[in-house]
Amino acid sequence: MSNTGLSMYVCLFFACCFCCSRAMPTRVNQEAVNDRPVIGVLTQLVSDEVMKPFGRTYIPASYVKYVESGGSRVMPIRLTLTTAEYENIFRKINGLLFIGGAADLETSDYARVAKIFYTLALKANDRGDFFPIWGTCMGMQLLTVLVAGENLLTKTTAENISLPLNLTTEADSSRMFAGLSEELMKALAQEPLTGNFHHYGLTLQTFQENEKLQNFFTVLSTNVAENEALFISTLEAKEYPFYGVQWHPEVNRFQWDRKLNFPHSSHAVQLSSRLAEFFVEEGRRSLHHFDSPEEDASSLIYNYTPVYAGNFSGYEQVYFF
Ligand SMILES: *[C@@H]1O[C@H](CO)[C@@H](O)[C@H](O)[C@H]1NC(C)=O
Ligand SMILES: *[C@@H]1O[C@H](CO)[C@@H](O)[C@H](O)[C@H]1NC(C)=O
Ligand SMILES: *[C@@H]1O[C@H](CO)[C@@H](O)[C@H](O)[C@H]1NC(C)=O
């Protein structure tokens, strides 16, 4: 990869974060299972010049493979639809993944669309219509902005570094980590299994000073940034199936750029697999569905072909829209 390519990648990927008790709702129908889940993924606006010829928005293929590896299908969701169209999509999909990227978390189209889905998901879960949301990197930051109603992120750079998690005592009784073996939990706390590529984050102190965040989320882990700030690296909501990771589980299995610090050890791969399976299992509890097989077929990611991007970005493959 050329130097130009690398610096561009740094914008593309690192900018992500620059701009980038097991009690659950009791009214949920526990018996119903949906074995054909579809997880929605919001597209990201292309900002890098070298990517512009391919499309206006994109989704790195690593996130798609991650969701598919858990046993789900993926629906890409554009940022240009009307509120009514998003409400219609919400009735068909079984969960949402907020991915990393580069967007203003309060004023962008991405933030506008995310807020529509977040509000729909809150209301749905409140009435027993189970609907999970997972935020990765900027996606987790976005969840904190949506819950707090303001952007409380500060500089917490951890860039191109793999870290073990400093797990809280709540991690042991969390839903997110419930399926991890004792060995894997130990590895998670001791080995660098989590890839970090962010400049901003939520400090533990900010979290503890904000009542809305504290009431909503349980902190499952923290890590120390380059500037020594203690930032929250893993979160799950107390009463909703909402989850956030400041790190990137998808890179462990689906990104291989030699110039970047991606964890590929056996434990790192297992962690990524278990978390993808966990999130899709949450999606199986949602009974939303498309109106017809035709509508389902035309809405899914299979209608698009990822582009080889390994020579101009840090992603091997990218879907453009
Ligand atoms: C680990 O996290 C706890 C808060 O859960 C914090 O008090 C402690 O300082 C952290 N330790 C390290 C080494 O980051
Ligand atoms: C990322 O980290 C790896 C390993 O620590 C290092 O070899 C590489 O040069 C770094 N890449 C960048 C772009 O800083
Ligand atoms: C990347 O490689 C493809 C061929 O595989 C080529 O067409 C394209 O111009 C290359 N892009 C860059 C930015 O080097």
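Residues numbered from 1 in each chain as written. Chains lettered and ligands numbered in written order. Predicted model: local features only at pLDDT ≥ 70, side-chain atom pairs only at ≥ 80, totals over all residues.

The name an unreviewed UniProt entry assigns to the protein is folate gamma-glutamyl hydrolase, from the organism Labrus bergylta. Its UniProt record gives the protein a comment under Subcellular location (unreviewed entry), which states: "Secreted, Extracellular space". Under Catalytic activity (unreviewed entry), UniProt gives the following word-for-word description of the protein: "(6S)-5,6,7,8-tetrahydrofolyl-(gamma-L-Glu)(n) + (n-1) H2O = (6S)-5,6,7,8-tetrahydrofolate + (n-1) L-glutamate". (UniProt positions renumbered as here; feature names shortened; annotations may be inferred.)

Comments concerning the environment of phenylalanine 216
Tracing the backbone shows phenylalanine 216 in helix H8 (residues 211–216). C-alpha separation for the pair phenylalanine 216 and aspartate 129, spaced 87 residues apart in sequence, amounts to 19 Å. For phenylalanine 216, the residues in contact, after removing those within four places along its chain, are Val147, Ala237 and Lys238. (Helix = DSSP H or I, 4+ residues; strand = E, 2+ residues; numbered from the N terminus. Contact = placed C-beta atoms within 7 Å.)

Here's the deal with the site of ligand 3
Within the structure, ligand 3 sits among Val50, Tyr308, Asn311 and Phe312. Its residues placed into classes, the shell around ligand 3 shows three nonpolar, one polar and no charged. (Near = placed C-beta within 6 Å. Nonpolar A, V, L, I, M, F, W, Y, C, P; charged D, E, K, R; others polar.)

Here we look at the pairing of strand E10 (residues 217–224)
Every regular strand shows the same layout, with side chains that alternate between the two sheet faces. Across the eight residues of E10, six count as buried, placing the element largely inside the fold. Sheet analysis places strand E8 (residues 166–167) next to E10, joined by two bridges and oriented antiparallel. Residue leucine 167 lies in a different strand from E10, and its bridge partner there is serine 221. Note that E10 and strand E11 (residues 230–237) share seven bridges and pair antiparallel. Counterpart to serine 221 in the pairing with E11 is threonine 234. Connecting E10 to the antiparallel partner E11 that follows it, the hairpin turn spans five residues, and glutamate 228 within it adopts a positive phi of roughly 75°. (Buried ≥ 20, exposed ≤ 12 C-beta atoms within 10 Å, placed from the backbone. Pairing = 2+ DSSP bridges.)

Looking at the sheet that holds E10
Ordered by their spatial adjacency, eight strands build an open sheet running E4-E1-E5-E6-E12-E11-E10-E8, and the pairing between neighbours is mixed. Each edge of the sheet is formed by a strand with only one pairing partner; in this case those strands are strand E4 (73–77) and E8. Examined bridge by bridge, strand E1 (residues 38–42) and strand E5 (residues 96–98) share two bridges and lie parallel to one another. Pairing of valine 41 across the sheet is with leucine 97, part of E5.

Regarding the site of ligand 1
Taken together, Asn166, Thr168, Thr222, Val224 and Leu230 make up all the residues around ligand 1. Taken together, the residues that form the shell around ligand 1 break down as two nonpolar, three polar and no charged.

Some remarks on the UniProt feature "active site" (unreviewed entry) in the protein
Under the feature "active site" (unreviewed entry), the UniProt entry names Cys137 and His248. For the annotated residues, spread through 112 residues, the largest C-alpha to C-alpha distance comes to 6.6 Å, consistent with a single compact locus. As for its position among the elements, cysteine 137 is in the loop between strand E6 (133–136) and helix H5 (138–148). Classification of cysteine 137 as buried rests on a count of 29 C-beta atoms within 10 Å. Along the chain, histidine 248 turns up in the loop between strand E12 (242–245) and helix H9 (251–254). Apart from the residues within four sequence positions on either side, histidine 248 is in contact with Gly100, Thr136, Cys137, Gly195 and Phe197.

Points about the pairing of E1
When you tally the buried positions in E1, you get five out of five residues, the bulk of the element. Neither face of E1 is open: one carries Val38, Gly40 and Leu42, the other Ile39 and Val41, and all of them are buried. Of the strand pairs in this sheet, E1 and E4 are connected by five bridges, and their pairing is parallel. Looking at the pairing, valine 38 lines up with arginine 73 of E4.

Section: the sheet that holds strand E2 (residues 44–45)
The strand order E2-E3-E14-E13 describes an open sheet built from four strands, whose pairing is antiparallel. One side of each edge strand has no neighbouring strand; the edge strands of this open sheet are E2 and strand E13 (307–308). One ladder, built from two bridges, connects E13 with strand E14 (residues 317–320); its direction is antiparallel. Each residue of the ladder has a partner; that of tyrosine 308, found in E14, is glutamine 317. Helix H2 (residues 61–69) rests against strand E3 (57–60) and E14 of the sheet, and its axis sits at about 50° to E3. (Axes fitted to C-alpha atoms, helices over the stretch in contact; angles between N-to-C directions.)

As for unusual backbone geometry
Of note, the phi angle at cysteine 137 is positive, near 55°, even though the residue is not glycine. For glutamate 228, which is not glycine, the phi torsion reads 75° and is therefore positive. Tracing the backbone shows glutamate 228 in the loop between E10 and E11.

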